[in-house]
Amino acid sequence: PVQCLKIGDAFQHIVKMARMIPDYRKHIPSIRNMEMDADDVLICAFSKSGTHWLWEITSMLRNGKADYHRKEKTSAMLEFVPAEVLRALPKPRIYNTHFTPQGLPKQVFDRNCKILFLQRNPKDVLVSFLPFLQGHKFLDSAIQWDEFICKYMEFEVESSLLNWFYYTRQWFEFLKEGHDNIYCMAYEDLKDDPVMEITKLAKFLEVGENSDLFKDIAVKCSFQNLKQAATSKVETFKINNKEAAKKITNFTYRKGEVGDWKNYFTISVNEKFDALYAEKMKGIDFKYRYSL
Ligand code: A3P
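This is a predicted model, so every value here is computed, not measured.

Enquirer: What's the story with the site of the ligand in this structure? I'm lost.
Expert: Taken together, 18 residues surround the ligand, and among them His52, Ser128, Tyr187, Lys255 and Gly256 come closest. Ser128 places a polar side-chain atom, nitrogen or oxygen, 2.6 Å from an oxygen atom of the ligand. Between an oxygen atom of the ligand and a main-chain N or O atom of Lys255, the distance comes to 2.6 Å. A total of three residues in the shell around the ligand trace back to one element, the largest contributor, which is helix α3 (residues 51-63).

Right, here's the structure in full:
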């Protein structure tokens, strides 16, 4: 059996945070009713699934140039940016969000906007999630991995921002209805063969065939290159304090690997997680890749 550490109060922190989130979402009704143009693209993913990465790739594909986006991904995030500011962003617009389908602007479906639904295996997501939550000071930095994962497995709050099982189930149930404007991708496939995945994505986005560009994009968006580019971006556009900028970049672009979870999950935690997965994801037949 898994030994859950009694020290600390990780779970309390997480619940507190889950309650806090609706405050960020005061503008949700305006997002639901926000206007969308047919050529607006939306990236949907649970936190830590590689959204920054896909956002840069998509931006390069739609601009037809392997140049980094001038802004941070958060500048186009539905949760945090008011609708009128999102609408005023220059085209081509690529929004991103951690909302479930029920939270998206209604016009996304009326106008048949293209949606990229990005998946990553939940074990690597959670390993990435803890330093992210701590880096943003949502969780106490003293909380250790073993304690976090134990408490996370007991976490029942229906939050699309925090609960991977809730978020993912909502999406897959929705996909069962059949939506040909939604393109499903996996972090692991992108890591395994970026040029092939970029080529397939270009086809879905209808941006035309350009194999030289696709190769350039794969190189420009490699983990190291993107991390380097992000450092200067954060420094230039967001924070003047170089140390703070470096910290954010370090947990946003932490390791960029498939299978890092093996360095964190003990055998017993892994067994418990697999059993939980089987229970929570019953009837969802998506197969995640846990190593390459
Ligand atoms: P790790 O913490 O495992 O390194 P998001 O952008 O949705 O917040 O996801 C962040 C995760 O994507 C981090 O995972 C980050 O390192 C990884 N990532 C970002 N860019 C990447 C790239 N070019 N290649 C591989 N992984 C990348």
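Read on for the rest.
Enquirer: Quick question: what am I supposed to make of the packing of aromatic side chains here?
Expert: Each aromatic ring pair is summarised here by two numbers: the centre-to-centre distance and the angle between the ring planes. By the definition in use, this model includes 28 aromatic pairs. Ring centres of Trp145 and Tyr264 lie 5.7 Å apart, and the angle between their planes is 70°; on these two criteria the pair is classed as edge-to-face. Here the residue Trp145 occupies a position in helix α7 (residues 145-152), and Tyr264 occupies one in the loop between α13 (242-252) and α14 (267-280), the gap between them amounting to 119 residues. Trp145 sits in the buried class, given a relative accessible area of 10%. Exposure remark for Tyr264: the relative accessible area of 31% places this residue in the partly exposed category. Aromatic pair Trp261 and Phe265: ring centres 5.7 Å apart, planes at 90°, arrangement edge-to-face. Each member of the pair, Trp261 as well as Phe265, is classed as buried. The ring of Trp261 carries the charged tip of Lys123 above its face, separated from the ring centre by 4.4 Å.

Enquirer: Is there a simple way to explain the pattern of salt bridges in this structure?
Expert: Two side chains that carry opposite charge are able to pair once their charged atoms sit near each other. Summed over the entire model, instances satisfying the criterion amount to 17 salt bridges. Of the charged contacts, one joins Arg289 and Asp192 as a salt bridge, the two residues approaching to 2.8 Å between their closest N and O atoms. Of the two residues, Arg289 is situated in the segment after α14 and Asp192 in helix α9 (residues 187-192); the sequence distance between them amounts to 97 residues. For Asp192, a relative accessible area of 44% translates into the label partly exposed. The shortest N-O distance in the salt bridge between Arg254 and Asp260 comes to 3.0 Å. In this structure Arg254 comes out as partly exposed when scored by relative accessible area, which is 26%. Here Asp260 falls in the buried class, since its relative accessible area comes to 3%. Members of the salt-bridge network, linked through shared partners, are Glu35, Asp37, Asp39, Asp40, Arg87, Lys91 and Arg93.

Enquirer: What should I look at first to understand α3 in this one?
Expert: The periodicity of an α-helix, 3.6 residues per turn, causes residues three or four positions apart to be oriented the same way. For α3, with 13 residues, the first-to-last C-alpha span of 18 Å sits near the 18 Å given by 1.5 Å per residue. For α3, a buried count of eleven out of 13 residues is recorded, marking the element as mostly surrounded by other parts of the structure. With its phi angle positive at about 70°, Gly64 sits one or two positions after the end of α3.

Enquirer: Explain helix α11 (residues 211-220) here, please?
Expert: Taken residue by residue, α11 has Leu213, Phe214, Ile217 and Ala218 as its buried positions. All buried residues of α11 project into a common sector of 140° when viewed along the axis, lining one side. Facing away from the buried surface of α11 by more than 90 degrees, the exposed residues are Asp212 and Val219. Tucked inside the fold, the buried residues of α11 contact α3 and α10 (194-205).

Enquirer: So what exactly am I meant to see when it comes to the packing of α10 against α11 here?
Expert: Geometry of a packed helix pair, given as the angle between the helix axes and the separation of the axes. For the pair α10 and α11, interaxial distance at closest approach is 9 Å and the crossing angle is 125°. Relative to α11, α10 is oriented oblique. Remark: the crossing between α10 and α11 carries right-handed chirality. Within the contact between the two elements, α10 uses Pro194, Val195, Ile198, Thr199 and Ala202 and α11 uses Phe214, Lys215, Ile217 and Ala218. Class assignment for the residues of the contact of α10 with α11 results in seven nonpolar, one polar and one charged.

Enquirer: I tried to follow the sheet that holds strand β3 (residues 114-119) on my own but got confused; where do I start?
Expert: Strand order in the open sheet made by the four strands is β2-β1-β3-β4, with parallel pairing throughout. Only two strands of the sheet have a single partner each, and these edge strands are β2 (94-97) and β4 (182-186). On average, each strand axis in the sheet is tilted by 20° relative to the strand beside it, whichever way the strands run. In the sheet, β3 pairs with β4 via five bridges, with the strands oriented parallel. Counterpart to Ile115 in the pairing with β4 is Ile182. Across the face of the sheet, α3 comes into contact with β1 (41-45), β2, β3 and β4 while running at roughly 160° to β1. α10 rests against β1, β3 and β4 of the sheet, and its axis sits at about 155° to β3.

Definitions and limits used
- Residues numbered from 1 in each chain as written.
- Predicted model: local features only at pLDDT ≥ 70, side-chain atom pairs only at ≥ 80, totals over all residues.
- Heavy atoms only, no water.
- Near = heavy atom within 4 Å.
- Polar contact = N/O pair within 3.5 Å; in protein donor to acceptor, adjacent residues only side chain to side chain.
- Helix = DSSP H or I, 4+ residues; strand = E, 2+ residues; numbered from the N terminus.
- Phe/Tyr/Trp six-rings, centres within 6.5 Å; stacked < 30°, edge-to-face > 60°.
- Buried < 20%, exposed > 50% of the residue type's maximum accessible area, 1.4 Å probe, protein only.
- Lys NZ or Arg CZ within 6 Å of the ring centre and 35° of its normal.
- Salt bridge = Lys/Arg side-chain N within 4 Å of Asp/Glu carboxyl O.
- Expected span 1.5 Å × (residues − 1).
- Arc of directions from axis to C-beta.
- Contact = heavy atoms within 4.5 Å.
- Axes fitted to C-alpha atoms, helices over the stretch in contact; angles between N-to-C directions.
- Parallel < 35°, antiparallel > 145°, perpendicular 65-115°, else oblique.
- Left-handed = near helix turned anticlockwise from the far one by under 90°.
- Nonpolar A, V, L, I, M, F, W, Y, C, P; charged D, E, K, R; others polar.
- Pairing = 2+ DSSP bridges.

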